[in-house]
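# Coordinates in review
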There are 2 protein chains.
Amino acid sequence: MRRLPTVSDVAEAAGVSRQTVSNVLNTPEIVRAETTERVRAAIERLGYRPHASARRLRTRRSSTIGVRLDPGADGMSGSLLDRFLHALVERADADGLRVLLYTAVDEDAEIATFERLLDGADVDALVLTSTHYGDRRIPWLVEHDVRFVTFGRPWGEHDTTDRSHRWVDVDGRVGVRAATASLLEQGHRRIAFLGWPEGSGTGDDRRAGWREAMLAAGVPDADMTALDLGVEEDPLDLGIGGRAVAAVAPRPDAVVCASDSLALGARLALGPDVPVVGYDDTPVARALGFPSVAQPLDEVAAAVLELLASDEGDHHRLLAPRLVRR
Amino acid sequence: MRRLPTVSDVAEAAGVSRQTVSNVLNTPEIVRAETTERVRAAIERLGYRPHASARRLRTRRSSTIGVRLDPGADGMSGSLLDRFLHALVERADADGLRVLLYTAVDEDAEIATFERLLDGADVDALVLTSTHYGDRRIPWLVEHDVRFVTFGRPWGEHDTTDRSHRWVDVDGRVGVRAATASLLEQGHRRIAFLGWPEGSGTGDDRRAGWREAMLAAGVPDADMTALDLGVEEDPLDLGIGGRAVAAVAPRPDAVVCASDSLALGARLALGPDVPVVGYDDTPVARALGFPSVAQPLDEVAAAVLELLASDEGDHHRLLAPRLVRR
DNA sequence: TTGTATGCGTTATCAA
DNA sequence: TTGATAACGCATACAA
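Residues numbered from 1 in each chain as written. Chains lettered and ligands numbered in written order. Predicted model: local features only at pLDDT ≥ 70, side-chain atom pairs only at ≥ 80, totals over all residues. Heavy atoms only, no water.

## Some words on the relation of the copies chain A and chain B
Take chain A, turn it by 180°, move it 0.1 Å along the axis, and it overlays chain B with an RMSD of 0.3 Å. In symmetry terms, the pair is related by a two-fold rotation axis. Considering only C-alpha atoms, the residue of chain A closest to the rotation axis is A:Leu100, which sits at 2.2 Å. (Least-squares fit on C-alpha atoms with pLDDT ≥ 70 in both.)

In structure tokens, the structure reads:
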């Protein structure tokens, strides 16, 4: 591979000093237009590109953000991370940012990875997904003054006031409410909710959306308890949701689900005649043709980068999902 | 964030020179055990970590490999890339390598990205997926003397002799042959192959596996033509494979498919009574419970890194897939 | 076996 | 507005 031109080469070719070349690149406003022109021409002619490592060493910034590639993803929801990542990489590239992947088996290992990544100036910001209640990563990052944004609310008391933790999330409650409303509009009344056991922020949020829509339609609270299903999902046993929903008597008119894999279970158990709505709009939903609540991953990625970049403005973004009708 | 300790700090703390610290890290065999011990203790005590950017600047290597995050992935096959990526990141981490993502809309854009990534010493090797016949990226990389490995054969004449192009691939022919054989063992004879139109390396390879198994079982060549289905897959029309297979009269006993999404189409069109085997063992196959040919992505990732690292030995690896029976 | 001197390519500081 | 000088942290050639 040929030797790459450096600032010195450009400086020599343009008849200026190295520093001036650097200024043209980094602070063009303080350089005279004519000089800028000459330097730019030289850059073009020589095919000069700044050496990323040298710049990083000097500036102590890497312009790289780290993202964890989730190990536990079951593939179905995994494709969600995949799509988010894609959107993120695309947006980041436009801002001159790179995306570095890492993995970790558990939280302690992940924190150890943070240290490695940050100390070596490999990354200077992190994007975290799949946050959960009591996440130990968050306080660690705050304490070590690391710039980060999570895709997912902390689900704590001070969600929207805590300025030390920036997050972007999608309003699942609104999404599930819309899904439920659309089933109600179609004339269904006994609409079951198939989600996870109470206690998970995300799951309870989605459940709340279903309840709201049902209440608004005048369904009494007492009628809802029998239709409120919470199961522990298991990638190896996709039938669990189906069995739960099949056990409801009388049979529900329709089912709103907290995930596409739950929806798949319901669909397989009840057949195509009972309308089912999923969540995340995965390939499975498209393949089987049931509606699903889609997260606006492009917007999420854009918001994540905005929060990462700016010091002022809001620190939290709650985005609206979209119901994909089929 | 605190100021990070450097080699100098460690040297001072251990009462040696910077060079000795560097030697302990990079060429431990030339340092006296006692000195090593003292230096290691100082490293531990100070929490020293080498600064990645500085090392990269000096060594002119980034220890980072670039991987493209595919834009066109339809989600179902996309999860394949996802799983491969995960395996790759995990293995790479063990070797002290980082994985950087990039995207590109087409080949020209991707080549432009190569230049940016390589010139800036952002990455010093690339892993390419979804290679195809006449791939312009390959000659560009070879010409520019860039280290790379592709996951996927070039499907050219000189596949196995061309030492300038290292690749790892999975033997689809063997996989589909095994899938077909298992159906034959179950007593099925009219086994259709649902794949893509002739002309794609991967597709034709898988088709050949089906033909081999059928021939070995004594099915005459003439009987096979009516069972040999090739359709253009379309993420928006998953029914296309199903329609093709439903149009075969008399109805096939079973169907071997070149992908899980084709298998899904066949399954939906023919119902659960006609055995179907897919390819890639995606969540869809697990969800619907049909067998599928699984690519050993862990092994692929390991092989990719081996080929990337070593200058001698083989330059190509053809790995055996595994039939997941269900 | 250990230490000294130098440079990788860039940008920050300060003087001209 | 531009230029000289130093420094970022590390690793290598060479000397001791």
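## A word on the packing of aromatic side chains
All names here are of chain A. Counted by the stated rule, this structure contains eight aromatic pairs over all chains. Here the aromatic rings of Phe84 and Phe151 are separated by 4.9 Å at their centres, their planes lie at 50°, and the arrangement is tilted. Taken together, the positions of Phe84 in helix H5 (residues 78-94) and Phe151 in strand S4 (residues 148-151) put the pair 67 residues apart, joining distant regions of the chain. Members of the aromatic cluster, each reached through a chain of ring pairs, are Tyr102, Phe114 and Trp140. For Arg206, the ring lying beneath its charged end belongs to Tyr279, and the centroid distance is 3.5 Å. (Phe/Tyr/Trp six-rings, centres within 6.5 Å; stacked < 30°, edge-to-face > 60°. Helix = DSSP H or I, 4+ residues; strand = E, 2+ residues; numbered from the N terminus. Lys NZ or Arg CZ within 6 Å of the ring centre and 35° of its normal.)

## Focus: the protein's contact with DNA strand C
For DNA strand C, the set of nearby residues contains 27 residues, the closest of which are A:Val7, A:Gln19, A:Tyr48, B:Thr35 and B:Arg60. Among all atoms of DNA strand C positioned within 4 Å of the protein, those belonging to sugar or phosphate total 61%. Side-chain polar atom of A:Arg58 to a base oxygen of DNA strand C: 2.6 Å apart, as the coordinates give it. Contributions of two or more residues to the surface near DNA strand C are made by helix H2 (18-26) and helix H4 (52-59) of chain A together with helix H2 (18-26) and helix H4 (52-59) of chain B. Here the surface near DNA strand C is composed, by residue class, of nine nonpolar, ten polar and eight charged. (Near = heavy atom within 4 Å. Polar contact = N/O pair within 3.5 Å; in protein donor to acceptor, adjacent residues only side chain to side chain. Nonpolar A, V, L, I, M, F, W, Y, C, P; charged D, E, K, R; others polar.)

## Describing the environment of B:Ala42
Residue and element names in this part refer to chain B. Here Ala42 shows up in helix H3 (residues 33-46). As for Ala42 and Val10, which are separated by 32 residues in sequence, their C-alpha atoms are 5.8 Å apart. If sequence neighbours within four positions are ignored, Ala42 has contacts with Val10, Ala13 and Ala14. (Contact = heavy atoms within 4.5 Å.)

## Notes on helix H14 (residues 297-309) of chain A
Taking 1.5 Å of rise per residue, the 13 residues of H14(A) would be expected to cover 18 Å, and the 18 Å separating its terminal C-alpha atoms lies within 8% of that figure. Inspection of H14(A) places A:Leu297, A:Val300, A:Ala301, A:Ala302, A:Ala303, A:Val304, A:Leu305, A:Leu307 and A:Leu308 among the buried residues, and these make up the whole buried set. (Expected span 1.5 Å × (residues − 1). Buried < 20%, exposed > 50% of the residue type's maximum accessible area, 1.4 Å probe, protein only.)

## Observations regarding the interface of chain A and chain B
In this assembly, 48 residues from chain A lie in contact with 48 residues from chain B. Between chain A and chain B lies a buried interface of about 4,600 Å² when both sides are counted; carbon and sulfur atoms form 58% of it. At the surface where chain A touches chain B, the tally comes to eight salt bridges. Note that A:Asp93 is salt-bridged to B:Arg116, the shortest N-O span being 2.6 Å. Elements supplying a minimum of two residues to the side of chain A that touches chain B: H4, H5, strand S2 (98-102), helix H6 (107-119), helix H12 (260-270) and helix H13 (283-288) of chain A. Per-class residue counts for the side of chain A that touches chain B are 23 nonpolar, ten polar and 15 charged. Both S2(A) and strand S2 (residues 98-102) of chain B contribute to a ladder of three bridges, which runs antiparallel. Pairing of A:Leu100 across the sheet is with B:Leu100, part of S2(B). (Buried area = accessible area lost by both parts, 1.4 Å probe. Salt bridge = Lys/Arg side-chain N within 4 Å of Asp/Glu carboxyl O. Pairing = 2+ DSSP bridges.)

## Thoughts on the protein's contact with DNA strand D
Among the 26 residues in the neighbourhood of DNA strand D, the closest are listed as A:Thr20, A:Thr35, A:Arg60, B:Gln19 and B:Arg55. Backbone atoms, meaning sugar and phosphate, form 61% of the atoms of DNA strand D found within 4 Å of the protein. Taking A:Arg18, its side chain carries an N or O atom lying 3.1 Å from a base nitrogen of DNA strand D. Between DNA strand D and B:His51, the relevant distance is 3.0 Å, taken from a phosphate oxygen to a main-chain nitrogen or oxygen of the residue. Counting residues per element, the ones that place at least two in the surface near DNA strand D are H2 and H4 of chain A together with H2 and H4 of chain B. Considered class by class, the residues forming the surface near DNA strand D number eight nonpolar, ten polar and eight charged.

## Observations concerning the UniProt feature "domain: HTH lacI-type" (unreviewed entry) in chain A
As recorded in UniProt, the sites labelled "domain: HTH lacI-type" (unreviewed entry) are residues 5-59 of chain A. For residues 5-59 of chain A, helix accounts for 71% and strand for 0%, while the C-alpha atoms at its two ends are 20 Å apart. (UniProt positions renumbered as here; feature names shortened; annotations may be inferred.)

## Quick notes on the domain arrangement of chain A
All names here are of chain A. When the domains of chain A are assigned, the result is domain 1 (7-46), domain 2 (59-169 + 298-316) and domain 3 (173-294). Here domain 2 and domain 3 have C-alpha centroids that lie 30 Å from each other. Taken together, the two surfaces of domain 2 and domain 3 that pack against each other cover about 730 Å², and 65% of this comes from carbon and sulfur. One can count one salt bridge joining domain 2 with domain 3. Taken together, domain 2 and domain 3 are joined by three residue pairs in polar contact (both at pLDDT 80 or more). (Domains from an automatic or database assignment.)

## Considerations on the sheet that holds strand S8 (residues 254-257) of chain A
Two modes of strand pairing occur in sheets, parallel and antiparallel, and in both the strands are linked by backbone hydrogen bonds. All names here are of chain A. Overall, mixed pairing links the six strands, which are arranged S7-S6-S8-S9-S10-S12 in an open sheet. Where the open sheet ends on each side, the last strands, each with one partner, are strand S7 (228-230) and strand S12 (322-324). Put simply, the sheet's adjacent strands are angled 25° from each other on average, direction ignored. Examined bridge by bridge, strand S6 (residues 191-195) and S7 share three bridges and lie parallel to one another. Following the sheet pairing, Leu194 is matched in S7 by Leu229. Relative to S8, helix H8 (residues 172-185) is tilted by about 170°, and along the sheet it contacts S6, S8, strand S9 (276-279), strand S10 (292-294) and S12. (Axes fitted to C-alpha atoms, helices over the stretch in contact; angles between N-to-C directions.)

## Looking at the nonpolar core
Across soluble globular proteins, you tend to see nonpolar side chains buried next to one another. Ranked by size, the top nonpolar core spans 138 residues in total, and within it A:Phe84, B:Phe84 and B:Val255 carry the most contacts. In contact with B:Phe84, other than residues within four places in its own chain, are B:Val127, B:Thr129, B:Phe151, B:Leu297, B:Val300, B:Ala301 and B:Val304. Grouped together as the second largest cluster of nonpolar side chains are 28 residues, A:Ile111, B:Tyr102, B:Leu141 and B:Phe148 included. (Core = buried A, V, L, I, M, F, W, Y, C linked by side-chain atoms within 4.5 Å.)

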